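Each chain is listed here by its residues.
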Amino acid sequence: DAGITQSPRHKVTETGTPVTLRCHQTENHRYMYWYRQDPGHGLRLIHYSYGVKDTDKGEVSDGYSVSRSKTEDFLLTLESATSSQTSVYFCAIGTDAGSEKLFFGSGTQLSVL
Amino acid sequence: DAKTTQPPSMDCAEGRAANLPCNHSTISGNEYVYWYRQIHSQGPQYIIHGLKNNETNEMASLIITEDRKSSTLILPHATLRDTAVYYCIANNAGNMLTFGGGTRLMVKP
């Protein structure tokens, strides 16, 4: 399995608080992605990164920011969490843009109360 | 990206071949067909992809029709561990993958 770790695995927080999710890889892959998964919506791309300090928005980026200061780490931040951001968040890594072989982490279950 | 259509659910007997169809009638010439699966509460897992020719790997076979408007993912000997949601995606290499609803495959003993 690809070396990709998400932390925390579960988090409960209150509306209005900042939250940061971390994705860590040991594969030295260039591309990293954050998806969210909700019932009835499937997986939706939030942000992605194509290198250190190079990021771009995905389909559902409002309310989220990302940072990538090192190849191995991609952080997803909710500046002020809302209940609509309750979801399962998946990080993925890939060698090329749109690579067919995306490797996904185990997910972070986030609950915003 | 071309839209794909998959049945929402299918059943398969353990040990039998599971044939999962996907319709992508608007696929363009440079779009690949990708298959991923997601076992309950885990991250999606890449299975196979193809452009025109049929493909086979250790997990599955992919049969693409000559007109490329549809494809079938074949799991030759389904096991209970193959119970999952299977996603068919038509995508240009270089574009971000977009996951639809998929097919929920239930393998039954």
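Just so you know, these numbers come straight off a predicted model, no measurement behind them.

A. The overall build of chain B, seen in detail. Within chain B, the regular secondary structure consists of zero helices and nine strands. Ordered by position from N to C terminus, the α and β elements of chain B give β-β-β-β-β-β-β-β-β. Relative to the globule expectation of 13 Å for 109 residues, the C-alpha radius of gyration of chain B, 13 Å, shows essentially globular dimensions. Projected onto its principal axes, the C-alpha positions of chain B cover 40 × 30 × 25 Å. Taking all 109 residues of chain B together, 44% fall into the buried category. In chain B, the share of contacts with a sequence separation of at least 24, taken over all contacts with a separation of at least 6, comes to 57%. When the accessible surface of chain B is split by element, carbon and sulfur atoms take 49% of a total near 5500 Å². Considering chain B, the positive charge centre built from 9 side chains and the negative charge centre built from 9 side chains are found 5 Å apart.

B. Layout of the nonpolar core. All names here are of chain B. One finds Leu 20, Trp 35, Leu 73, Leu 75, Tyr 86 and Leu 105 to be the most contacted residues of the largest nonpolar core, which totals 21 residues. Elements that contribute at least two residues to this core include exactly strand 2 (18-23), strand 3 (31-38), strand 4 (45-50), strand 6 (61-64), strand 7 (70-75), strand 8 (84-92) and strand 9 (103-108). Broken down by element, the residue count for this core peaks at four residues, all from strand 8. If we skip the residues at most four places from it in the chain, Tyr 86 touches Gln 6, Leu 20, Trp 35, Tyr 36, Arg 37, Ile 47, Leu 73, Leu 75, Gly 102, Thr 103 and Leu 105.

C. How the structure looks around the state of the cysteines. Under the criterion given, the structure shown has two disulfides over all chains. A:Cys23 shares a disulfide with A:Cys91; S-S distance 1.9 Å. Here the disulfide of A:Cys23 and A:Cys91 is left-handed, its torsion about the S-S bond being about -75°. In this pair, A:Cys23 is assigned in strand 3 (residues 19-25) and A:Cys91 in strand 9 (residues 87-94), connecting sequence segments 68 residues apart. Judged by its relative accessible area of 0%, A:Cys23 is buried. Classification of A:Cys91 by relative accessible area gives buried; the value is 0%. Between the sulfur atoms of B:Cys22 and its disulfide mate B:Cys88 the distance is 2.1 Å. Linking B:Cys22 and B:Cys88, the disulfide has an S-S dihedral of approximately -80° and is accordingly described as left-handed.

Analysis parameters
- Residues numbered from 1 in each chain as written.
- Chains lettered and ligands numbered in written order.
- Predicted model: local features only at pLDDT ≥ 70, side-chain atom pairs only at ≥ 80, totals over all residues.
- Heavy atoms only, no water.
- Helix = DSSP H or I, 4+ residues; strand = E, 2+ residues; numbered from the N terminus.
- Rg over C-alpha atoms; globule rule 2.2 N^0.38 Å.
- Buried < 20%, exposed > 50% of the residue type's maximum accessible area, 1.4 Å probe, protein only.
- Contact = heavy atoms within 4.5 Å.
- Areas by Shrake-Rupley, 256 points an atom, 1.4 Å probe, with all protein chains shown as cover.
- Lys, Arg positive; Asp, Glu negative; His and termini not counted.
- Charge placed at Lys NZ, Arg CZ, Asp CG, Glu CD.
- Core = buried A, V, L, I, M, F, W, Y, C linked by side-chain atoms within 4.5 Å.
- Disulfide = S-S within 2.5 Å.

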